[in-house]
Amino acid sequence: MKKETQIVSVGRDKKWSKGVINPPVFRASTVVFDTMEEMRFAIQNRANGEMFYGRRGTPTHFAFQAAIAQLEGGEGTALYPSGSAAISGALLSFLQSGDHLLMVDSAYEPTRDLCNKLLKGFGIETTYYDPMIGEGIAELIRPNTKVLFLESPGSITMEVQDVPTLSKIAHQHGIVVMLDNTWASPINSRPFEMGVDISIQAATKYIVGHSDVMMGTATANAEHWEQLREHSYLMGQCTSPDDVYLASRGLRTLGVRMAQHEQNALKVANWLATRPEVDHLRHPAFESCPGHEFFKRDFSAANGLFSFVLKEGNLKAVTAFVENMAHFKMGFSWGGYESLILGVFGIDKLRTATQWDSSKPLIRLHIGLENPEDLIADLSAGFERFNQVITK
Ligand SMILES: *Cc1c(COP(=O)(O)O)cnc(C)c1O
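Residues numbered from 1 in each chain as written. Predicted model: local features only at pLDDT ≥ 70, side-chain atom pairs only at ≥ 80, totals over all residues. Heavy atoms only, no water.

(A) Representation of the overall build of the protein chain within the structure. When its secondary structure is counted, the protein chain shows 13 helices and 12 strands. For the protein chain, whose C-alpha radius of gyration is 22 Å, the value lies close to the compact-globule estimate of 21 Å for 392 residues. Along the three orthogonal principal directions, the C-alpha set of the protein chain runs to about 80 × 50 × 35 Å. Counting across all 392 residues of the protein chain, residues that qualify as buried make up 56%. Summed over all atoms, the accessible surface of the protein chain reaches about 17000 Å², with 51% contributed by carbon and sulfur. Taking the average location of the 37 positive side-chain charges in the protein chain and that of its 44 negative ones, the two points are 3 Å from each other. (Helix = DSSP H or I, 4+ residues; strand = E, 2+ residues; numbered from the N terminus. Rg over C-alpha atoms; globule rule 2.2 N^0.38 Å. Buried < 20%, exposed > 50% of the residue type's maximum accessible area, 1.4 Å probe, protein only. Areas by Shrake-Rupley, 256 points an atom, 1.4 Å probe, with all protein chains shown as cover. Lys, Arg positive; Asp, Glu negative; His and termini not counted. Charge placed at Lys NZ, Arg CZ, Asp CG, Glu CD.)

Right, dumping it as structure tokens:
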């Protein structure tokens, strides 16, 4: 079955939805039982879709969890109140004091902060590695290395990793492989077939798709599901059924939205590639992006998020570019229907295993569902403002 088809029906089991199309919102803390026997049954089956207590979830949650687990290709999915909570929840479920973590150097900034602050305080040591390290990862593995964390493509700089090679080497040493799979969403890659043990989504992005809910998911394979599920439960992680309802509603249109984001972004990226001001594109579908060969091998499609590097420029010129855009708005996050622009500075300070040349400014775009011709006109005017500052 193709993913677009699967998206329409996945998780819509009658036992959750009672036959309506969208599983309704079940709000609950207390669930009441008539008999001791009924209560005992609920306790025993609380991890198998029996309602037991609100924190364990309701049919609204169970339907969405089943949908994400099936799309990602894993055994089960834990829900979290944000993508960052999914990352910290997954890491803390498999790391203890004295353990060693291998973290990709191009990780999302809050993931890096988590390692450098909270995990460090717990006595968990992090080594950052070059996203393009490939087989070289073997040299960084220590006897106490417990988790290898990947994010592919990396945040902002978009390096695509060789996930199967990294997973294979990690598994030779009994290391749990986690992937921040947000860019691919649950439909454009097959993390579990590439050897990933836990695939994480910031559902806030394309799954929700409308910039109005924060949510995270972590999906585990059969070997790691019980530990992930029980540890996330111990940490008290839960999500509002109203938010889950919105996320599962967003999910149904993920296929068409992603295809349109991809098509619009490719038009804009192809136009940017012709601009004399542009040094290179950091878009996985372009050869100039590190790991482009892994994108071609491992992903079925791209989306609306990419970056480009300018040949020259400074804060003032980039500010003139990104301010006063007609359609692109400045703001964090991505994956909604609207276009966003970010002038990103100080990337060199967020890299320790690799080097980044910050003398060339980087601009990140999220291409929304507007007509790409309007977006190109907007960027063209931005380049005019940029050039006026540069040539002054
Ligand atoms: C946004 C993002 C996150 C965090 O998600 P939140 O829901 O904002 O906490 C994690 N990883 C990646 C790659 C992201 O882009």
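Moving on from the coordinates now.
(B) Seen up close, unusual backbone geometry. Here the residue pair S152 and P153 is connected by a cis peptide bond, since its omega of -5° sits within 30 degrees of zero. With respect to the secondary-structure elements, P153 resides in the loop between β4 (145–151) and α7 (163–172). One non-glycine residue, I156, adopts positive backbone phi at about 70°. Looking at the secondary structure, you find I156 in the loop between β4 and α7.

(C) Spatial organisation of the packing of aromatic side chains. The full count for this structure, using the stated rule, is 10 aromatic pairs. A ring pair is formed by W16 and F62, whose centres lie 5.3 Å apart and whose planes are at 55°; its orientation type is tilted. Separated by 46 residues along the polypeptide, W16 in helix α2 (residues 14–17) and F62 in helix α4 (residues 59–72) bring together distant segments of the chain. Its relative accessible area of 10% is what places W16 among the buried residues. A centroid spacing of 6.3 Å and a plane angle of 75° characterise the contact between F321 and F386, whose relative ring orientation is edge-to-face. With F321 in helix α12 (residues 315–322) and F386 in helix α13 (residues 372–391), the pair connects residues that are 65 residues apart, well separated along the chain. (Phe/Tyr/Trp six-rings, centres within 6.5 Å; stacked < 30°, edge-to-face > 60°.)

(D) Inspection of the site of the ligand at higher detail. Inspection of the region around the ligand gives 13 residues, with G83, S84, D180, T204 and K205 positioned closest. Taken by itself the ligand offers 380 Å² of open surface, and the protein chains cover 92% of this. Top element by residues in the shell around the ligand is helix α5 (residues 83–94). It accounts for 3 residues. Counted by class, the shell around the ligand contains 5 nonpolar, 5 polar and 3 charged residues. (Near = heavy atom within 4 Å. Nonpolar A, V, L, I, M, F, W, Y, C, P; charged D, E, K, R; others polar.)

(E) Representation of the pattern of salt bridges within the structure. On inspection of all chains with the given rule, the structure shows 16 salt bridges. Between E159 and R282 there is a salt bridge; the shortest N-O distance is 3.6 Å. Pair noted here: E159 is in the loop between β4 and α7 and R282 is in strand β8 (residues 278–282), with a separation of 123 residues, a long-range link. An identical accessibility class is assigned to E159 and R282; each is buried. (Salt bridge = Lys/Arg side-chain N within 4 Å of Asp/Glu carboxyl O.)

(F) Highlighting the sheet that holds strand β10 (residues 329–330). Pairing is mixed in the open sheet, where 5 strands are placed in the order β8-β9-β12-β11-β10. Each end of this open sheet is capped by a strand with a single partner; those strands are β8 and β10. Pairing analysis gives 4 bridges linking β8 to strand β9 (residues 305–310), with the strands arranged antiparallel. Among the inter-strand pairings, L281 is bridged to a residue of β9, identified as F308. α12 rests against β9, β10, β11 (340–344) and β12 (362–366) of the sheet, and its axis sits at about 175° to β11. Strand contacts of α13: β8, β9, β11 and β12, with the helix running at about 25° to β9, the strand carrying the most contacts. (Pairing = 2+ DSSP bridges. Contact = heavy atoms within 4.5 Å. Axes fitted to C-alpha atoms, helices over the stretch in contact; angles between N-to-C directions.)

(G) Highlighting the packing of α5 against helix α6 (residues 109–121). Closest axis-to-axis distance for the α5/α6 pair is 10 Å, and the angle between their directions is 45°. Here α5 is positioned oblique relative to α6, judged by the angle of their axes. Considering only the axes of α5 and α6, their crossing is right-handed. On the side of α5, the interface is formed by S84, I87, S88, L91 and L92, while α6 contributes P110, T111, L114 and L119. Split into classes, the residues belonging to the contact of α5 with α6 amount to 6 nonpolar, 3 polar and no charged. (Parallel < 35°, antiparallel > 145°, perpendicular 65-115°, else oblique. Left-handed = near helix turned anticlockwise from the far one by under 90°.)

(H) Here's a closer look at the domain arrangement of the protein chain. Segmenting the protein chain into domains produces domain 1 (3–251) and domain 2 (255–390). Each partner contributes residues to the interface: domain 1 has 40 residues there, and domain 2 has 39 residues. The contact between domain 1 and domain 2 buries some 3300 Å² in all, and 60% of this surface belongs to carbon and sulfur atoms. A per-residue breakdown of the area domain 1 buries against domain 2 is headed by I156, W183 and Y206, which together make up 26% of the total. The interface formed by domain 1 and domain 2 holds 2 salt bridges in total. Residue D162 pairs with R297 through a salt bridge whose shortest N-O separation is 2.7 Å. Elements with a contribution of two residues or more to the side of domain 1 that touches domain 2: α6, β3 (125–129), α7 and α9 (241–251). Here the side of domain 1 that touches domain 2 is built from residues that sort into 19 nonpolar, 14 polar and 7 charged. (Domains from an automatic or database assignment. Buried area = accessible area lost by both parts, 1.4 Å probe.)

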